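# Residue-level structure breakdown
Each chain, written out:
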Amino acid sequence: MRRDGREPDELRAVAIERGFTEMAAGSALVTFGKTKVICTASIEEKLPPWLRNGGKGWVTAEYSLLPGSTPERSAREAVKGKQSGRTQEIQRLIARSLRSICDLKALGEVQITLDCDVIQADGGTRTASITGAYVALVDAVAELGRRRSLSNDPITGQCAAISVGVVGGEVVLDLDYSEDSVADVDMNVVMNDSGEFIELQGTGEGSTFSKSQLVEMVRLAERGVSDLLELQRKVLGR
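Because the structure is predicted, anything quoted here is derived from the model rather than measured.

## Looking at the pattern of salt bridges
Scanning the entire structure with this criterion turns up 15 salt bridges. D9 serves as the salt-bridge partner of R223, at 2.5 Å between the closest nitrogen and oxygen. Here D9 lies in the segment before strand 1 (14-18) and R223 lies in helix 6 (residues 211-236), a separation of 214 residues in the sequence. Under the relative-accessibility criterion, R223 is labelled partly exposed at 36%. Here K46 ties to E44 by a salt bridge, and the two come within 3.8 Å at their closest N and O atoms. Take K46: its relative accessible area is 51%, and that puts it in the exposed class. Residue E44 is classed as partly exposed on the basis of its relative accessible area, which comes to 23%. Sharing partners across several salt bridges, the network here consists of R2, D4, R6 and E179.

Spelled out as structure tokens, the structure:
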């Protein structure tokens, strides 16, 4: 039994509140236990220079850990004048994950920016961001379809993400901060609704891990992602 009473293969309480804000084309508040992330999707009639006049669009992401999201205030990176390596890594992961289920040609020459702002951090912020950003992206694409004619649906599938790890020699699903901070192994798994892997980020933090532990981590991740995909479908009415 884990600190919060969960079984090793049990997710935290997960919720997605669709349409959390009114101004963005798509938005969602995603909650993984005590971790809370606001995900918004904005449509921009501009593209990076290297994509202009190429007949396809782009999906990018920005990630931010807001000052009051942790017990000790996290300084705004804009004030520092540059993003940390961690922030850059996470926002690139979010963008890659969401682009993997998009037909950029069907999107047309627009850019959709996914902003994932962590308002409370207790582990799993990147996986929560990916899972919530998908819902925001779907609604933004629907809004784009109302503004202009789209020949095909740019959304080709679903994606969601979850963390797994080895804590105290035991493989567990969906680590909170108390587990993540002492984990021997930490892994983030991103998958689509075809059961395919988009990305795996696994690191032996305190020790190495065996093939059998890797297989068990992947098995738990598949189960967790399946539950998250089902929640996304329920929230979107699909």
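## Structural notes on the UniProt feature "domain: Exoribonuclease phosphorolytic" (unreviewed entry) in the chain
The feature "domain: Exoribonuclease phosphorolytic" (unreviewed entry), as annotated in UniProt, sits at residues 10-141 and 160-223 in this numbering. In residues 10-141, helix accounts for 30% and strand for 30%; the two terminal C-alpha atoms are 32 Å from one another. Note that residues 160-223 is 27% helix and 44% strand, and that its end C-alpha atoms are spaced 12 Å apart.

## Description of the side chain of S97
Positionally, S97 belongs in helix 2 (residues 85-99). By relative accessible area, which is 0% here, S97 ends up buried. In contact with S97, not counting residues within four places along its chain, are I130, C159, V190 and I198.

## Some points on helix 2
With 15 residues, helix 2 should cover 21 Å at 1.5 Å per step; its first-to-last C-alpha distance of 21 Å lies within 8% of that length. When we look at burial in helix 2, the residues that qualify are T87, I90, Q91, L93, I94, A95, S97 and L98.

## Side note on the sheet that holds strand 4 (residues 58-65)
Reading across from one edge, 1-2-3-5-4 is the order of the 5 strands in this open sheet, with mixed pairing throughout. In the strand order of this sheet, the two ends are held by strand 1 and strand 4, each with one partner. Direction aside, the axes of adjacent strands within the sheet are offset by 20° on average. As paired elements, strand 2 (residues 26-32) and strand 3 (residues 35-44) share 7 bridges and run antiparallel to each other. Residue pairing in the sheet places T31 in a bridge with K36 of strand 3.

## Here's the deal with helix 4 (residues 125-147)
Here helix 4 is 23 residues long and its end C-alpha atoms lie 32 Å apart, about the 33 Å a rise of 1.5 Å per residue gives. With respect to burial, helix 4 is a largely interior element, 18 of its 23 residues being buried.

## Structural notes on the side chain of R6
Relative to the assigned elements, R6 resides in the segment before strand 1. A distance of 2.8 Å separates a polar atom in the side chain of R6 from a polar atom in the side chain of D4. Polar contacts involving the side chain of R6 include one to the main-chain carbonyl oxygen of E10, which spans 2.8 Å. Apart from residues no more than four positions distant in its own chain, R6 is found in contact with M1, L11, R12, L173, D174, D176 and E179.

Criteria and cut-off values
- Residue numbering note: each chain is counted from 1, following its sequence as written.
- pLDDT decides what is reported in this predicted model: residues at 70 or higher carry local features, side-chain atom pairs at 80 or more are listed and counted, and totals for whole chains, interfaces and linings draw on all residues regardless.
- Each side-chain value is worked out from all heavy atoms of the structure, with water and hydrogens disregarded.
- For this analysis, a salt bridge means a side-chain nitrogen from Lys or Arg found within 4 Å of a carboxyl oxygen belonging to Asp or Glu.
- Secondary structure is summarised from DSSP: a helix means a run of H or I of at least four residues, a strand means a run of E of at least two, and numbering begins at the N terminus for each.
- Think of it in three bands: residues with accessible area under 20% of the maximum for their type are buried, residues over 50% are exposed, and the middle band is partly exposed, with areas taken using a 1.4 Å probe on protein chains only.
- UniProt positions are given in the numbering used here, feature names are shortened, and annotations may be inferred rather than shown by experiment.
- Throughout, a contact is declared for two residues whenever any of their heavy atoms are within 4.5 Å.
- To estimate how far a helix should extend, the number of its residues minus one is multiplied by 1.5 Å.
- Paired strands, in this sense, are two strands between which DSSP finds at least two bridges.
- Fitting a line to C-alpha atoms yields each axis, with helices limited to the stretch in contact; the angle taken between N-to-C directions then spans 0 to 180 degrees.
- Any pair of nitrogen or oxygen atoms within 3.5 Å is treated as a polar contact; in protein, a donor-acceptor pairing is required on top of that, and neighbouring residues in sequence qualify only through side-chain atoms on both sides.

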